[in-house]
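Architecture at a glance
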Number of protein chains: 2
Amino acid sequence: MKILNIIFKWTHLSAIRLIVLYYALAVIFSMGLLSLPFFHNEGVELLLIDLLFTTVSAISVTGLGVVSTPETFNTAGIIALTFVLQFGGIGIMTLGTFIWIIFRRRIGLRERQLIQIDQNQTSMSGLVKLMLKILKTILLIELIGTIVLSTYFLQYFDTWQEALLQGYFGAISATTNAGFDITGTSLVPFASDYFVQTVNMTLLILGAIGFPVLIELQDFLWGDHRPGKRTNSFSLFTKLTVTTFFALIAVGAVFMMILEQHHFLADKSWHEQIFFSLFQSVTTRNGGLATMDVSELSDPTLILFCALMFIGASPSSVGGGIRTTTFAIMLLTIYNFAKGRTGVKVFGRELDTDDILRSFIVITTAAMICTTAVITLTYLEPFPILEIVFEVSSAFGTTGLSMGITADLSTAGKCIIIFLMFVGRIGIFSFLFLIRGKVIKEKYHYPKEKVIIG
Amino acid sequence: MKILNIIFKWTHLSAIRLIVLYYALAVIFSMGLLSLPFFHNEGVELLLIDLLFTTVSAISVTGLGVVSTPETFNTAGIIALTFVLQFGGIGIMTLGTFIWIIFRRRIGLRERQLIQIDQNQTSMSGLVKLMLKILKTILLIELIGTIVLSTYFLQYFDTWQEALLQGYFGAISATTNAGFDITGTSLVPFASDYFVQTVNMTLLILGAIGFPVLIELQDFLWGDHRPGKRTNSFSLFTKLTVTTFFALIAVGAVFMMILEQHHFLADKSWHEQIFFSLFQSVTTRNGGLATMDVSELSDPTLILFCALMFIGASPSSVGGGIRTTTFAIMLLTIYNFAKGRTGVKVFGRELDTDDILRSFIVITTAAMICTTAVITLTYLEPFPILEIVFEVSSAFGTTGLSMGITADLSTAGKCIIIFLMFVGRIGIFSFLFLIRGKVIKEKYHYPKEKVIIG
Ligand SMILES: [K+]
Ligand SMILES: [K+]
């Protein structure tokens, strides 16, 4: 660990600034890469703002697009794009997990008695092993996805090259939850192909469920199960985020079924109803792929989806938004308060007051940023308010669904969406850390005074 | 204090349940009163849901209307309505302040060393004196308002009786921030009468600024100023709520001026611009009166007004919403966190962690209730989403502004708005207290465990 500490001290970068630095460098490098005419179809001219937008959208694995991917990029360009998606998806996920481990260790040192967390990942070699494990896991998932989809796509496409490209891009886009497509119309062509949808949903969930969850699952399945080893139990984080993740999918699917019963789903069979609802709900978690034109949905469903996209995916995943754990902590705190309890108990653990406070800070800051963005965009752009709210939620959640206004935004409007994708991807918590000054060790305290609340 | 304690124990009512009981009884009594045909114009037939809606709107001093006040009620009915507004406005404000005092005392007993608050209002006679003081103050404000407005209205109306009625109703409606009008078009007839607007804004602010503020101001101006007496300084609550209150008015006015520059305010003179912006901003604090048809405003202004109405007025005032202090505490906490500070310092005091947590609970619960209401209403009603969001914010903030859909809501829609006016008026904090069980003295604790946040 000494080497790591030295690196940190030497660069004067906090762990979170490292993410931002990585993100910034990745954007610059990828912009250079994607600007190469070699990767473009003939006759394509990319405006600087559209190049920036596409790059940030790819690095933040959002998937909002101001240009059509298959019309802009040739096959080489599409392959280059998948590398950018990998930088964005795996890169930041790896760093996120890495920082999680660092924080766990730091907390451990200070609050060892208070917080029961294990210390078995604190050596430098352990960290490198962990990062390789992440890389291996994701690449394996993508490889399997590519093989399955490409093989299956042989029936859809004329040449095996085309099937391979579609399968490869589809697997990368789904696993990194990128939301980009090279069909030109997302997964709409597969609206009645439940196999493709099931594979996609599986990949989307594996990418968005959070890397610590995947690691713990691996440990649980194939790890060392002698008594006393960590591998026998899941962390509170994993229990919380997995529960919330699937609960949100269920809520989205069930309510879409109810709300669209006399609308979009009116003339659909029961299995179409289930798959349309389930896929669109899964995609709001972070995927951004869709098997239908979401602007066909009715207003209540769209507002619900805005809320779901705003919540977003798990921390340390490829997804954005306020994150599932944050949302869960908010609900648990309100519930426990309404029940008249003093602490917040869940899964046989008690939440830390600092975590609770941070969750609320994240949620309210995010809500204020998004509200300000909506007000500014309604002022700048001619679009109806719901389309703007949807676009803002999608950008902040790095989801990538759109009611179709992205390409028609003004340059100022595009800049706002770029900012939201950036903040949504690094997370409000990192964003606040980024703009915060040096942490001040406070030397004095004022007397406390109570006030009347709401 | 013994008598009070006995009363409390005897009735098994917590202080907050008392408010709800008062509210419920006031609704039932007022429904009976307003249903009397004696108070109606000839030929008027009030549906039960409309009667309930009007009563709750009056008791919660919201001012949303499903029927026109001057068309439904005769002069006697209008006078009866002002009594209902008094029940709602003064009654709940008095109780709110009363409970504030009780809480201060309770906190004082337990945390005397920690929190510097004075104890000079804890005797039964002190409380009765205080409540009489509230009553006297408000009635005095209303009396002065009536005299000023009625005298001035002599130039507008043919008979002195009509001028008196208009002046009397106007003063009551403004001071209690009721938002009801008997002109049929709110204050639109006075859109170019700055005197009437200034009087109205003064009354609106006096009603919505919070009663503890008025008491402390009275004490400061005419109280005992010998050294060591409380009357020499304002409480943190007063400083916080007054600053926030006027800051919100400034934000609303300035941004309405900017956002409407090429829209509603395009053809207006500079003084018209100032008065239109200022009055509409003041009214979002809680008044609900307007000098224009708010549906003429552009989308960004309307969304901003939704946010302002959602925030609402000061605690222990005639207003609703999440309350100014709650919003201020949120901003301060985020700011201090972003600055890397551990405590939240303001005005030479430090905020209590419990208060911070409660503020966030209030805000997020309110946001979830309002979002659910918006989704449900967009499902039930045929109106555009912005009109529904505006209606919901207005009901929850008990503001009473509307883009014009209130009367056309379905019965289910009206019930949702009634619920929001109720919750907005008693406040989320009281609402959660109301639904909460017996406070459990926890006998055990789980180990704490940290999780990843946003
Ligand atoms: K995405
Ligand atoms: K009102």
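What you see is a predicted model; the values in this text were computed from it and never measured. (Residues numbered from 1 in each chain as written. Chains lettered and ligands numbered in written order. Predicted model: local features only at pLDDT ≥ 70, side-chain atom pairs only at ≥ 80, totals over all residues. Heavy atoms only, no water.)

1. Some points on the coordination of the potassium ion (ligand 1)
All names here are of chain A. Applicable threshold: Water is absent from the atoms considered, so a metal site may look incomplete; donors are defined as N, O and S atoms within 2.8 Å of the metal, or 3.2 Å for Na, K and Ca. Helix and strand assignments come from DSSP, with helices taken as H or I runs of at least 4 residues and strands as E runs of at least 2, each series counted from the N terminus. Under the scheme applied here, a residue whose accessible area is under 20% of the maximum for its type counts as buried, over 50% as exposed, and between as partly exposed, the area being computed with a 1.4 Å probe on protein chains only.
Surrounding the potassium ion (ligand 1) are the protein donor atoms V61 (O), T62 (O), N177 (O), N286 (O), G287 (O), T398 (O) and T399 (O), at 2.5 to 3.2 Å. Sequence positions of the donors to the potassium ion (ligand 1) reduce to the motif V-T-x114-N-x108-N-G-x110-T-T. Taken together, the residues T62 in the loop between α3 (48–59) and α4 (69–72) and N286 in helix α11 (residues 270–287) connect sequence positions 224 residues apart. The residues T62 and N286 share a single accessibility class, namely buried.

2. Points about the coordination of the potassium ion (ligand 2)
Residue and element names in this part refer to chain B. Within the first shell, the potassium ion (ligand 2) binds the protein through V61 (O), T62 (O), N177 (O), N286 (O), G287 (O), T398 (O) and T399 (O), at distances of 2.5 to 3.2 Å. Along the chain, the residues donating to the potassium ion (ligand 2) fall in the pattern V-T-x114-N-x108-N-G-x110-T-T. Separated by 115 residues along the polypeptide, T62 in the loop between α3 (48–59) and α4 (69–72) and N177 in the loop between α7 (160–175) and α8 (194–208) bring together distant segments of the chain.

3. Quick word on the packing of aromatic side chains
Residues and elements named next belong to chain A. Convention followed: When two rings of Phe, Tyr or Trp (its six-membered ring) have centres within 6.5 Å they constitute a pair, described as stacked for plane angles under 30 degrees, edge-to-face for angles over 60, and tilted for the intermediate range. Look at NZ for Lys and CZ for Arg. If either is within 6 Å of the ring centre and within 35 degrees of the ring normal, a charge sits over the ring.
Using the criterion set out here, one finds 27 aromatic pairs over all chains in the structure. Taken together, a centroid distance of 5.7 Å and an interplanar angle of 90° make the contact between F29 and F87 edge-to-face. Of this pair, F29 sits in helix α2 (residues 15–35) while F87 sits in helix α5 (residues 75–111), and the two are 58 residues apart along the sequence. The exposure class of F87 is partly exposed, given its relative accessible area of 32%. Here K268 stacks its cationic end above the ring of F264, 4.3 Å away from the centre of that ring.

4. Points about the nonpolar core
Applicable threshold: To form a nonpolar core, buried Ala, Val, Leu, Ile, Met, Phe, Trp, Tyr and Cys residues must be joined to one another through side-chain atoms within 4.5 Å. Any pair of residues with heavy atoms lying within 4.5 Å of one another is described as a contacting pair.
Within the largest apolar cluster, 196 residues are counted, with the highest numbers of intra-cluster contacts made by I322(A), F390(A), I417(A), I322(B), F390(B) and I417(B). Here F390(B) is in contact with V294(B), L302(B), F305(B), C306(B), M309(B), L401(B), S402(B) and M403(B), once residues within four sequence places are set aside.

5. Structural notes on the packing of helix α12 (residues 299–311) of chain B against helix α15 (residues 385–396) of chain B
Residues and elements named next belong to chain B. Where we set the bar: For helices, the axis comes from a line fit to the C-alpha atoms of the stretch in contact; other axes are also lines fit to C-alpha atoms, and the angle between any two N-to-C directions lies between 0 and 180 degrees. Here is the rule for angles: anything less than 35 degrees is roughly parallel, anything more than 145 is roughly antiparallel, 65 through 115 is roughly perpendicular, and the remaining ranges are oblique. Crossing chirality is assigned from the near helix's rotation relative to the far helix, an anticlockwise turn below a right angle marking it left-handed and a clockwise turn marking it right-handed.
Contact geometry for α12 and α15: axes closest at 8 Å, N-to-C directions at 25°. The pairing of α12 with α15 is recorded here as roughly parallel in orientation. The handedness of the crossing between α12 and α15 comes out as left-handed. On α15, the residues touching D299, L302, I303, F305, C306, M309 and F310 of α12 are L386, V389, F390, S393, S394 and F396.

6. Details of a nonpolar patch on the surface
Residue and element names in this part refer to chain A. Applied cut-off: The patch calculation keeps residues exceeding 30% relative accessible area without a salt bridge and links them within 9 Å when they carry like charges or within 5 Å when they are nonpolar (Val, Leu, Ile, Met, Phe, Trp, Tyr). Here the Shrake-Rupley method, with its probe set to 1.4 Å, supplies the accessible areas, and only the displayed protein chains count as covering residues. Within this document, salt bridges are pairs made up of a side-chain nitrogen of Lys or Arg and a carboxyl oxygen of Asp or Glu, the two lying within 4 Å of each other.
A contiguous nonpolar surface patch, about 540 Å² in accessible area, is contributed by L140, L143, I144, I147, V148 and F195. Of the residues forming the nonpolar patch, the biggest block, five residues, is contributed by helix α6 (residues 124–153). Tracing the backbone through its elements, the reader meets L143 in helix α6. Of the residues examined, L143 reaches a relative accessible area of 49% and is grouped as partly exposed.

7. Describing the environment of S68(B)
Mapped onto the secondary structure, S68(B) falls in the loop between α3 and α4. Considering only alpha carbons, one finds S68(B) and D181(B), 113 residues apart in sequence, at a separation of 8.7 Å.

8. Some words on the environment of L248(A)
Residues and elements named next belong to chain A. Of note, L248 is situated in helix α10 (residues 236–259). Separated by 33 residues in the primary sequence, L248 and S281 place their C-alpha atoms 8.1 Å from one another. Those residues in contact with L248 that sit more than four places away from it in its chain are S281, R285, L308, I311, T324 and F327.

9. Here's the deal with the pattern of salt bridges
All told, the structure shown has five salt bridges over all chains when counted by the stated rule. Between D267(A) and K268(A) there is a salt bridge, with the nearest N and O atoms lying 3.1 Å from each other. A salt bridge links D355(B) to R358(B), with the nearest nitrogen and oxygen atoms 4.0 Å apart. Pair noted here: D355(B) and R358(B) are both in helix α14 (residues 353–380), with a separation of three residues, about one helical turn. Overall, the relative accessible area of 25% leaves R358(B) in the partly exposed class.

10. Some remarks on the side chain of N177(B)
Residue and element names in this part refer to chain B. Test applied: As used in this structure description, the phrase polar contact means that two N or O atoms lie within 3.5 Å; if the pair is within protein, one of them must be able to donate a hydrogen and the other to accept it, and residues adjacent in sequence are counted only when both atoms belong to side chains.
We classify N177 as buried; its relative accessible area is 1%. Polar contacts involving the side chain of N177 include one to the main-chain carbonyl oxygen of L204, which spans 2.9 Å. Those residues in contact with N177 that lie beyond four places of it in its chain are V61, L203, L204, G207, A208, N286, G287 and V318.

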